[in-house]
Amino acid sequence: MTASAEPLVRIVRGTLTDEELAALTAVLMARAAAAQHAAAGAPVEPIANWQRLERRPAYYSPVSWQQAA
């Protein structure tokens with residue numbers, strides 16, 4: 001954060017009691033933790049590398065190795 005950045009919270013009028021300051025701190029900490037958790041993202045599931053046998057071609061040409069290149 002730079003020195004010229006606007007503050008996230010600014011008290012415009014009055015003063016906070018200890019309970020109000022504690023409640024505000026708890027809310028800001030909870031939002032920061034939720035943002036950090038959301039930034040981490042969901043774990044990525046591995047992709048299965050198997051195939052169903054009925055979806056594979058039943059016949060391979062004897063010269064299919066020549067067409068693969």
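Values in this document were obtained by computation on a predicted structure and should not be read as measured data.

About the criteria used
- Residues numbered from 1 in each chain as written.
- Predicted model: local features only at pLDDT ≥ 70, side-chain atom pairs only at ≥ 80, totals over all residues.
- Heavy atoms only, no water.
- Helix = DSSP H or I, 4+ residues; strand = E, 2+ residues; numbered from the N terminus.
- Buried < 20%, exposed > 50% of the residue type's maximum accessible area, 1.4 Å probe, protein only.
- Areas by Shrake-Rupley, 256 points an atom, 1.4 Å probe, with all protein chains shown as cover.
- Patch = residues over 30% accessible without salt bridge, like charges linked within 9 Å, V, L, I, M, F, W, Y side chains within 5 Å.
- Salt bridge = Lys/Arg side-chain N within 4 Å of Asp/Glu carboxyl O.

This part is about the overall build of the protein chain. What the protein chain contains, in helices and strands, is 2 helices and 0 strands. The proportion of buried residues among the 69 residues of the protein chain is 0%. As displayed, the protein chain has an accessible area near 7300 Å², and 60% of this comes from carbon and sulfur atoms.

Moving on, we get to a nonpolar patch on the surface. On the surface, Leu8, Val9 and Leu28 cluster together into a nonpolar patch covering about 280 Å² of accessible area. Position of Val9 relative to the elements: it lies in the segment before α1 (18-40).

Let us now look at the environment of Leu28. Looking at the element boundaries, Leu28 is found in helix α1. In this structure Leu28 comes out as partly exposed when scored by relative accessible area, which is 31%.

Everything listed here is a matter of coordinates, which is why it stays silent on function.
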